[in-house]
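Okay, here's what each chain looks like letter by letter:
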Amino acid sequence: MKVFQFIFLIALFSLTSCDQILDNYWERKAEENYVSPYKGSYIGTYSGSDQGVLQIDISSKDYVEVTRTSSNNNFKETFQGGMSGSSFNSVQSRSSGFTLLGNLIPSAEKTYAGTWKMSEGNSGTWTLKKK
């Protein structure tokens, strides 16, 4: 009788493990097939204590690449980050400290807006439109 219970428990645990393996497989497949709803190119401007043009490219996996061109001092830089839902997550230049804050929830005019900061006292707003 004990042998039968032991075999039954082993069979039960092996079925549970198979379910877990299948769940993990389908979860990985869903991640592989994920395409960001924010994918695309956005262009706009930023203003405040500095001003210029922003171009933001978002990949299908929520990877963000920002190209910022300052019209105050003809400075151009490119930096990367990521998205967390609709919000920019760690989208900051290592060289200048320029940081995008905000999200890509559209307004009624299908524009996107947020704020930026660079250092103490340097900040402003940005607006974008999807290409």
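Up top you'll find the structure we're talking about.
So, here is what we can say about the structure in this document. This one's a predicted model, so the numbers in the text were calculated from it and none came from an experiment. (Residues numbered from 1 in each chain as written. Predicted model: local features only at pLDDT ≥ 70, side-chain atom pairs only at ≥ 80, totals over all residues. Heavy atoms only, no water.)

In this section: the overall build of the protein. Looking only at helices and strands, the protein has one helix and eight strands in total. Counted from the first residue to the last, the protein has its helices and strands arranged as α-β-β-β-β-β-β-β-β. The C-alpha atoms of the protein give 23 Å as radius of gyration, which overshoots the globular expectation for 131 residues (14 Å, by more than 25%). For the protein, buried positions account for 27% of its 131 residues. A separation of at least 24 residues holds for 32% of the contacts in the protein among residues at least 6 apart in sequence. On the protein, roughly 8800 Å² of surface is accessible, and the fraction owed to carbon and sulfur atoms is 56%. Taking the average location of the 13 positive side-chain charges in the protein and that of its 12 negative ones, the two points are 4 Å from each other. (Helix = DSSP H or I, 4+ residues; strand = E, 2+ residues; numbered from the N terminus. Rg over C-alpha atoms; globule rule 2.2 N^0.38 Å. Buried < 20%, exposed > 50% of the residue type's maximum accessible area, 1.4 Å probe, protein only. Contact = heavy atoms within 4.5 Å. Areas by Shrake-Rupley, 256 points an atom, 1.4 Å probe, with all protein chains shown as cover. Lys, Arg positive; Asp, Glu negative; His and termini not counted. Charge placed at Lys NZ, Arg CZ, Asp CG, Glu CD.)

Now for unusual backbone geometry. If you check the backbone angles, D62 has positive phi at about 70° while not being a glycine. Along the chain, D62 turns up in the loop between β2 (52-58) and β3 (63-70). The buried category is assigned to D62, whose relative accessible area is 12%. Despite not being glycine, S90 shows a phi value in the positive range, around 60°. In this structure, S90 sits in the loop between β5 (87-89) and β6 (99-102).

With that settled, consider a negative patch on the surface. Where like charges cluster on the molecular surface, the negative patch consists of D19, D23, E27 and E31. Taking the relative accessible area as the measure of exposure, E31 reaches 52% and is therefore exposed. (Patch = residues over 30% accessible without salt bridge, like charges linked within 9 Å, V, L, I, M, F, W, Y side chains within 5 Å. Salt bridge = Lys/Arg side-chain N within 4 Å of Asp/Glu carboxyl O.)

Note on pairing: side chains with opposite charge can pair once their charged atoms come close. All told, the structure shown has two salt bridges when counted by the stated rule. R68 is the partner of D50 in a salt bridge, and the nearest nitrogen-oxygen pair spans 3.0 Å. One end of the pair, D50, is in the loop between β1 (40-48) and β2; the other, R68, is in strand β3, and 18 residues separate them in sequence. Exposure remark for D50: the relative accessible area of 7% places this residue in the buried category. R68 is the partner of E77 in a salt bridge, and the nearest nitrogen-oxygen pair spans 2.9 Å.

Now for the sheet that holds β3. Here we have eight strands laid out as an open sheet, ordered β5-β4-β3-β2-β1-β8-β7-β6, and antiparallel in their pairing. Two strands close off the open sheet at either side, each with one partner strand: β5 and β6. For this sheet, the mean angle separating the axes of adjacent strands, direction not counted, is 35°. As paired strands, β3 and strand β4 (residues 76-84) are joined by seven bridges and run antiparallel to one another. (Pairing = 2+ DSSP bridges. Axes fitted to C-alpha atoms, helices over the stretch in contact; angles between N-to-C directions.)

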